[in-house]
Structure formats: C-alpha cells, structure tokens
Amino acid sequence: MNHSRIAIDTRNVSKIFGGDHDSVVALDDVSVSINENEFFTLLGPSGCGKTTLLRLIAGFEHPTQGRILLHGSEISQLPPYKRPVNTVFQSYALFPHMTVAENIGFGLEMQNKPDAEIAATVNQMLRLVKMEELRDRRTHQISGGQQQRVALARALAPRPRVLLLDEPLSALDYKLRKEMQIELKRLQHETGITFIFVTHDQEEALTMSDRVAVMNQGRVLQVGAPQEIYDHPSDRFVADFIGDTNFITAQVGAAENGRVSIEMPGGQCVRVRSDLDLAEKSRVTLAIRPEQIRLLSPHSSPGNRALLQGELENIVYFGTDTHYHLKLPTGIAMMARIQNTRRKQALFATGSRVSIDFDPDALQILKD
Amino acid sequence: MDANRQDDAMAPASKIERTARKQQTRRHILLTTPALIVLAAAASGPLIIMLIYSFLTAGDYGGVVWKASTQGWFKVFLHKDIFDDALSLQDAHISIFWRSVKLSLLTTLLAVILGFPTAYFIATRAPGRRSMWLFLVTIPFWTNLLIRTFAMMEVIRNEGILNNLLMKLGLIHTPVQMLYTDFAILSGMTYVYLPLMILPLYASMEKLDFSLIEAGYDLYATRMRVLRRVILPLVKPGLVAGSILVFVPSLGAYVTPRVLGGGKNLMLGNLIELQFGQGRNWPLGAALSITLLVMVMIALIFYVRSMQGGPRQHG
C-alpha cells in the first residue's frame, strides 16, 4: 500500500465540455498527487480549470480521459453520493428549508446513521464552528460569515476523507475573510482532513497552503510549497500571477558548472545559478521581485558598478512601503518596493536618475 | 426668532404636502371605483342571486316562484320516495359528487406525474431555450376548448386513431370502449389542465438553486432522496398552486365530461346544468352550485394551510 500517504491522485485527467464543433478543453492532461492531511490549493485565474478539477474530484462531472484515485482506489466513475468526499460550495448551498442543525446533520442522516450519533456529531460540529447558539435558526436568518461556518460544519460532519472548498471565502468582506483564513487552518489541524482549496487569490493561496498548484488554461504549471513557487517560479505565467514581478529580457553568455553568465541590457554581466540548458547568445527572460531591488543614487557611490540605470517615473506611497516605478533606457518598465523606514523616506524625487541594484541570486531565469 | 422663521418656512411646505396627499387619496379612490364596482357586481352579485334562488320554490316550467322553501337544499343530498314519503340518501347525487372529486383528484395526480418532469426539463434547459419550451406548452390555449375536446374524441373513439393503432400493432383484436367512460373524462381533463400544472411548477423550479441539488448528492443523498428531501420541499409552493389550478376547474368541469363522458357519466357541472335545463329545478341547481363553491373553498383553505406550514416546518 504505497498509496496510503496520497489522498487524491489524478492521472492524466482531461475534461472536454461540449460537442464536436464547439468543444472547450477545461482540463488538459492534469496529473496531481495530493497528500493525506495536506492543505492543498488550486490557484489560477477564472476559467483556468481549477473548479472543474474540483468538480471531477467531487463527482459532479466525470473525466473525459484519465483516472482519479482516492487512497489508491479508482473513483472517477462513482456518483457523488458514493464518494467519501464533501464540498463547501462557493454559494454555500445551504438548504433554506432546514435549520442550521438540520443542515449539519443532513449528510449523516443520508448515511442512515443512528439518531443519537447524528445528534452527538451535530453538537460537536456546532461547537467546532462556534455556532451553538444559532442551531435552530433558518439559514437566511444568519450572516454570510455564519453561513460559511455552517457550510463548513455540514461538509465536515460526515468526516470525509477529503474536503473540497470552492472559493469559499470570495463572498466575504476583507476582515471576515482574514478571520476565516485562520479559522480554516485551525479546522484543518483539528480534524486532520485533507483540504483541497480552490481560489484565484494568490495571497490567500500563499498564506494558507502547504502546497499550491498554479493552473492556467486547463494545465497545471507548477506544484510546490508557497515559498518555492514565489521564489522560484517555473515560468513567466506563474511569476506574473503570483505577486508582482519585473521581467527583463537579456542575452545568455557563457555557461559553466551550474552558473550562467547573463548580459544585462545595460551591458553589465551577472552570473546566475540555473539548471536550465541554455544556448550561448540566446535570449532569456529574467524575473526579479520588486522587494529584491535596491535603489542607489548614482552619485553616492561612484565606484560601484550598478547593474542597471533607470529614471524614476512615479512614486506611490503604500504606508508600510513605497513603490518606485522606473523606466530603463531600453524602455522596459520596472518597479521597486522599498520598505519605509525613517531613514529612507524621500530619498529620491520623481524624474531623477537612479542606479538599480540587486543580488544576482535573486534573479530567476524563466522557461518560455 | 430663528426658530420662528423656520416654522414659517415649514408651514406652507407641510400644508402643500397635506393637500397633495389628500388629492392623491381622492384620485386613487376615483380611479379604483369602476374596477371595484365591476368586481363587486360581477363576483358577489351572481353569488347572492344564487344563494337567494336556492331558498325559493321551483317553478313548474323552470324559473322560481317567490316563496321561501328549503326543498332545493333538501334535495341536494336527500331523496323522498314519491309513494311512501320515506327519506333516503340521494344516491345519484352522491355518486356524482364522488365521481367529480375522484376524477378531479386523479386529474391532479396525473397532471403532477406528467407535469413535474416536464417543468423540470424546461427549467434545466439553457435560459434562452426555456421560453421556446414554455411557448410550446401554451400552444393548446390557442384553440377553443370544445374543438380540442372533439379532437380528443376523434382519438379515443372505437374507430379512432388510438384503437386503430392498437389493432394494427396486434395488441387488441376488437376496439376497446374508451369513449364515454371515466377514462375518457380523465384523459380529456388531464390534457386540458396539464399546462396549468406545468406553468406554476416551472416558475418555482426556475428559482431553484441547482447547487442545492448538488449539495444533496454530495452529502450522500441518492436521486430519490434528493427529490424527496431537497427538490420537493423547495418547489412545494409551485406544486400546491398547480394542484389548485388543476383541481378547482376539474371539479366544476362541464364541456369535457359532457362530450367525452357522453352524458352518462355526469360530473357536478353537468348535474347543475341539468337542473337549470331539462330538470327545471332552479333552486336545486343553485344549491348544488353553492355546494360546489363550498367544496372549492375547502380545497383553498387546505392550500393556504399547507402554504403556511409549508417550507418552514419541514425538517
């Protein structure tokens, strides 16, 4: 049983909607392994296929091709009511003709559990999501955040092997969303259930997940821990979608033992770590995060050979930090994010020339 | 000083407002009066006439004699023997009442069985397509009821389309008598009133959030249990409205039982018509009409009751 640590395993799953002439490929050969007890996030823009993948795991749709395994056994052709997998819907989908407690007990009732067990589990769930006082309320008599909790409790009550969450926080306001993010992490810890979370909010994905799969146009582009994805995006889409990124086009110089020499637009050369097999003289895209950039006055350190030169076009104050929008002589726009400390405030003025500097190891070479 | 000036400024404004409101109220009354008169005259007028007639004596050649009598009401359920004055239940009337209620309930049931999947089908089509399907449902309304009923007769009579088809298929050897039976009335009424079931059912299904159905499946409910525990409670208002819309006119149906029942299988509507026509017993006809009205009202009370306790008390 070497599958025991893997909760959900999708193998070459494709989903095509529609007929012959107007078909839409929602998922294109997706293979992902999601570990037991993991908070796994499917992240991507709307229409990237993340919700379709979730619906395939829930059983609302069946894959056109490929297999889905739950703890090693094939489930892709089972109807939803035969899968030990529950969903928290984006719209919550609470039954309006039932009370909070009846909603939470519904799944157990449908599993023909004895009444005493249903009552005990419902009470336990109400306590878990802190909704004990509202147990006899109708679902339309409680607030959006409370509905969210009931939806969670209802999906957790039958103790599924895997919990699917389809953008569950998107309808909440900012503050409530922050609260629920922490709440979800707590619930996942307390229940020990595998969570598969769908979102288009990259910040949400980075803060909550154990691992993230970035999706676009029906494909999984990169799977990894949040920090890995942020620091080492595998391609341009991932780098662009997660956080802010500056892209620089540069030319490859000589490559030797794991390091590549890259010629920057300003003529300076840097040596960058890279496993990619790059041909000499080929053009590559480099990504650098705005917070990795240092700005220097060209006059302050005349001996220092700055990597790039640029002109300050715009300065935007954000409270904790300030965004400096720069333009390189080649026309490329860049952005530097510099934390505000008393010392650094108002160092540069719009229109002034600055030197742009960064640690070469912060550069990420991207596949095309 | 300041306060005074403000009062002065306020006073004319509120006076204008008050006059405007008074004018508006008067205009509302004036505008609604004609409709109210028509409604009062057309709805309660005939009812009052019926109620009065039911307590008068029948004239020898129809009409009424202005002499108070309870004979009309008496004859609704009771029968006095011509020779020995022995009282017995009016069996003929009771069997007609029973047939009316039975056939109306069966019509409603059939309409639910046929209408529910139809409405569900329409409600699950793409929004642009739904209006086309609804349009198809309403097409029968374009033709006169009498003509549609005669068309039905053509289908089910002994040499009709249905019998011919069954004989050609070898399922039967001699024509089955379908016309002039309760079956004929039942199928005729179901055909006529089916759209009245589909339309309100569709209206409540269209509002149904289909993610609730998915939530039901997700929480281990099989198809039947999703239907019973999720869909039915939520479309109950439409189901009840459709049932009333089918049951009430079925109870008083006249044309369908007359044409397809062949005058042998009377329903309430035919019985009432008979009293005003050949029977020449207007007080009895009036009393029967009011009895029918009371039955409808009882059905409506059930409707209101089930609506009040409906979606809220379900668990």
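All of these numbers come straight from a predicted model, not from anything done at the bench.

J.: Hey, could you run me through the interface of chain A and chain B in this one?
T.: Counting from both sides, the interface comprises 29 residues of chain A and, opposite them, 23 residues of chain B. Counting each side, the surface lost to burial between chain A and chain B is near 2,200 Å², with a carbon and sulfur contribution of 59%. The largest contributions to the chain A side of the interface with chain B come from A:Tyr81, A:His97 and A:Met110, which together make up 33% of the buried area. If you look at where chain A meets chain B, you find two salt bridges. Linking B:Glu214 and A:Arg55 is a salt bridge whose minimum nitrogen-to-oxygen distance equals 2.6 Å. Inspection of the chain A/chain B interface yields ten residue pairs in polar contact (both at pLDDT 80 or more). When contributions to the side of chain A that touches chain B are tallied by element, the ones reaching two or more residues are helix H1 (50–58), strand S6 (85–88) and helix H2 (100–110) of chain A.

J.: What's the story with helix H5 (residues 145–156) of chain B in this structure? I'm lost.
T.: Every α-helix winds through 3.6 residues per turn, so residues three or four apart in the chain are directed the same way. Residue and element names in this part refer to chain B. If you check H5, its first and last C-alpha atoms are 17 Å apart, about what twelve residues at 1.5 Å a residue would give, namely 16 Å. Against the buried residues of H5 lie helix H6 (161–168), helix H7 (182–206) and helix H10 (255–260). A side-chain oxygen of the first residue of H5 lies 2.6 Å from the backbone nitrogen of Leu146; this N-cap is Asn144.

J.: Explanation requested: the pattern of salt bridges in the structure shown.
T.: Side chains that differ in charge, positive against negative, can pair when their charged atoms come close. Residue and element names in this part refer to chain A. Taken as a whole, this structure holds 26 salt bridges over all chains when the rule is applied. Linking Glu61 and Arg55 is a salt bridge whose minimum nitrogen-to-oxygen distance equals 3.3 Å. Of the residues examined, Glu61 reaches a relative accessible area of 19% and is grouped as buried. The class of Arg55 is partly exposed, set by a relative accessible area of 22%. Here Glu132 ties to Arg127 by a salt bridge, and the two come within 3.9 Å at their closest N and O atoms. Several salt bridges share partner residues, and in doing so they unite Arg149, Glu183, Arg186 and Glu190 into one network.

J.: Would you mind going over the sheet that holds strand S7 (residues 162–166) of chain A with me for this structure?
T.: Two modes of strand pairing occur in sheets, parallel and antiparallel, and in both the strands are linked by backbone hydrogen bonds. Residues and elements named next belong to chain A. Taken in spatial order, the six strands line up as S6-S7-S8-S3-S9-S10 in an open sheet, and their pairing is mixed. Taken across any chain shown, the strands that pair with only one partner, and hence form the sheet edges, are S6 and strand S10 (219–224). Within this sheet the neighbouring strands show an average axis-to-axis angle of 20°, counted without direction. Of the pairings in the sheet, the one linking S7 to strand S8 (residues 194–199) comprises five bridges and is parallel in character.

Reading the values: the criteria
Residues numbered from 1 in each chain as written. Chains lettered and ligands numbered in written order. Predicted model: local features only at pLDDT ≥ 70, side-chain atom pairs only at ≥ 80, totals over all residues. Heavy atoms only, no water. Contact = heavy atoms within 4.5 Å. Buried area = accessible area lost by both parts, 1.4 Å probe. Salt bridge = Lys/Arg side-chain N within 4 Å of Asp/Glu carboxyl O. Polar contact = N/O pair within 3.5 Å; in protein donor to acceptor, adjacent residues only side chain to side chain. Helix = DSSP H or I, 4+ residues; strand = E, 2+ residues; numbered from the N terminus. Expected span 1.5 Å × (residues − 1). Buried < 20%, exposed > 50% of the residue type's maximum accessible area, 1.4 Å probe, protein only. Pairing = 2+ DSSP bridges. Axes fitted to C-alpha atoms, helices over the stretch in contact; angles between N-to-C directions.

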